[in-house]
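# Per-entry structural report
So the chains spell out like this:
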Amino acid sequence: MSETADTGAAAFCANLVREADFDRYAATLFVPSEKRRSLLALAAFNAEIVRVRSQVSQPLPGEVRLQWWTDLLAGSAHGGAEGNPVAAELTRAIAEHRLPIEPLTRLIEAHIFDLYNDPMPDWTVLEPHLAETDGALLALGARVLGHAAAQVEAIDHIARHAGVVVGVARIVARLPYDSARRQLYLPNDVLQRHGCDLEQVFGGQSAPALKAALADVFADARKHLDQAMQELTELPASVRPAFLPLALARGDLDRLASPERDPFTPFERSRLATLWTLWRASRSKLFRM
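Our subject in this report is the structure included herewith. Quick caveat, the model's predicted, so the values are computed rather than measured.

Let's shift gears to the pattern of salt bridges. This model, assessed by the stated rule, comprises 15 salt bridges. Among the ionic pairs, Arg143 bridges to Asp156, the shortest N-O distance being 3.9 Å. One end of the pair, Arg143, is in helix H8 (residues 123–145); the other, Asp156, is in helix H9 (residues 152–173), with 13 residues separating them in the sequence. With a relative accessible area of 17%, Arg143 lands in the buried category.

Within the secondary structure layout, Pro103 lies in helix H7 (residues 102–110). Separated by 36 residues in the primary sequence, Pro103 and Ala139 have C-alpha atoms spaced 9.1 Å apart. If near-sequence neighbours (up to four positions away) are discounted, Pro103 is found in contact with Glu132, Ala136 and Leu140.

All right, on to the packing of aromatic side chains then. Taken as a whole, this structure holds 5 aromatic pairs when the rule is applied. Ring centres 5.6 Å apart and planes at 65 degrees place the aromatic pair Phe45 and Trp69 in the edge-to-face group. Of this pair, Phe45 sits in helix H3 (residues 33–50) while Trp69 is found in helix H5 (residues 59–74), placing the two residues 24 residues apart along the sequence. Owing to a relative accessible area of 0%, Phe45 belongs among the buried residues under this scheme. Joined through ring pairs, the aromatic side chains of Phe45, Trp68 and Trp69 make up one cluster.

Attention now moves to unusual backbone geometry. The phi dihedral of Arg98 falls on the positive side, at around 55 degrees, and the residue is not glycine. Mapping Arg98 onto the fold places it in the loop between helix H6 (85–97) and H7. Residue class for Arg98 comes out exposed when judged on its relative accessible area of 75%. Notably, Arg182 is not glycine yet its phi reads approximately 60 degrees, a positive angle.

In this section: the nonpolar core. Ranked by size, the top nonpolar core spans 95 residues in total, and within it Phe45, Trp69, Val168, Leu186, Leu210 and Phe243 carry the most contacts. In terms of residues, this core owes the most to one element, H9, which gives 12 residues. Setting aside chain neighbours within four positions, we find Leu186 in contact with Met120, Ile171, Val172, Leu175, Leu191, Leu210 and Leu214.

So, about H3. The α-helix advances 3.6 residues per turn, and as a result positions three or four apart in sequence lie on the same side. Taking 1.5 Å of rise per residue, the 18 residues of H3 would be expected to cover 26 Å, and the 26 Å separating its terminal C-alpha atoms lies within 8% of that figure. For H3, the tally of buried residues reaches 13 of 18 residues, placing the bulk of the element in the interior.

Attention shifts here to H5. Helix length check: H5 (16 residues) gives 22 Å between terminal C-alpha atoms against 22 Å at 1.5 Å per residue, within 8%. What H5 keeps buried is the set Gly62, Leu66, Trp69, Thr70, Leu72 and Leu73. The buried side chains of H5 occupy one side of the element, clustering within an arc of 160 degrees when seen end-on. Facing away from the buried side of H5, by more than 90 degrees, are the exposed residues Leu60, Val64 and Ala74. Its buried side turned inward, H5 meets H3, helix H4 (52–55), H6 and H7. Positive phi appears at Gly75, one or two residues downstream of H5, with a value of about 85 degrees.

To continue, consider the side chain of Asp134. Among the secondary structure elements, Asp134 is positioned in helix H8. A polar contact of 2.5 Å, which involves the side chain of Asp134, links it to the side chain of Arg170.

The N-to-C vectors of H3 and H7 enclose an angle of 25 degrees; their axes lie 10 Å apart at closest approach. On the basis of the axis angle, H3 is roughly parallel to H7. Two packed elements cross with a definite hand, and for H3 against H7 that hand is right-handed. Of the residues in H7, those in contact with Leu42, Phe45, Asn46 and Ile49 of H3 are Leu104, Leu107 and Ile108.

Analysis parameters
Along each chain, numbering runs from 1 in the same order as the chain's sequence is written. pLDDT decides what is reported in this predicted model: residues at 70 or higher carry local features, side-chain atom pairs at 80 or more are listed and counted, and totals for whole chains, interfaces and linings draw on all residues regardless. For the side-chain quantities, the full set of heavy atoms in the structure was used; hydrogens and water were omitted. Criterion for a salt bridge: a side-chain nitrogen of Lys or Arg within 4 Å of a carboxyl oxygen of Asp or Glu. Think of it this way: any DSSP run of H or I at least four residues long counts as a helix, any run of E at least two long counts as a strand, and we number them from the N terminus. Burial classes follow relative accessibility: with a 1.4 Å probe on protein chains only, a residue under 20% of its type's maximum area counts as buried, one over 50% as exposed, and anything between as partly exposed. The contact definition used throughout considers only heavy atoms, calling two residues in contact when any of these lie within 4.5 Å. Aromatic contacts are taken between Phe, Tyr and Trp rings whose centres are within 6.5 Å, Trp giving its six-membered ring; a plane angle under 30 degrees counts as stacked, one over 60 as edge-to-face, and the others as tilted. Here, the term nonpolar core denotes a set of buried Ala, Val, Leu, Ile, Met, Phe, Trp, Tyr and Cys residues that are joined through side-chain atoms within 4.5 Å. To estimate how far a helix should reach, multiply one less than its number of residues by 1.5 Å. Taken from the helix axis, the directions to the C-beta atoms give the arc we talk about. Under this definition, polar contacts are N or O atom pairs within 3.5 Å; protein pairs additionally need one hydrogen-donor-capable and one acceptor-capable atom, and for neighbouring residues in sequence, both atoms have to be side-chain atoms. Axis lines are fitted through C-alpha atoms, for helices just across the contact stretch, and the angle between N-to-C directions can take any value from 0 to 180 degrees. For this classification, under 35 degrees means roughly parallel, over 145 means roughly antiparallel, 65 to 115 means roughly perpendicular, and everything else is oblique. It is the rotation of the near helix from the far one that decides the hand of a crossing: anticlockwise by less than a right angle makes it left-handed, clockwise makes it right-handed.

The following block contains the structure:
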């Protein structure tokens, strides 16, 4: 790839993440500049995978698109990374930081769930799903920032907890959008335990049963948050900024869990508030490098 094309691919990924996933884009602004490009490559890859659902009307074409990325990681995709700036940047980041392929492959597989309208069965399925999506991105980001081999297990463990926190905040914030297309990521066993009718959820009808179910979900997410924050102090300072999205999720959980809030009211956090929250967190003892 020529230098011009190489620069263009990096700029494409940065623009894609800024528009499709501003939280992750903003978080990269608070890490060393030489690491930013690879973090944006990972975030751009995730954005491409996540938006497959909105680009297809049937599951099969979506699975075909996801399979292309799986084949790319396996080195067998038709045409390889040529002509695809996100694929080119992802390939570069993998090579530069010796990133493992398996978490990326599992992330793709986890997002096959997005293509169907089956409800999320229970916590035993939701937690691994969030760990293999949001959690995987956090763990890979930590690897980009640098780590010793002995720290891999600790990073992966924290990332699983942190992924649940970030993921729960995301799926509750997106409840109005997802329920309108009859897609549900909240654990169905929790909803059923509280007598929450799925058709009411899909119809955007707030009810005490739904709020009670959400309260349980928030309680579990906060347990993961407490554990992640506790274990984060044991990581080297150079790695901790990879977990800055936790600062956003922590504030979001507080706002989303407000008893007065209608779960179907669109959740908004301004870009200025996002940057302010991340800046404050980056200067705190926990996340400061």
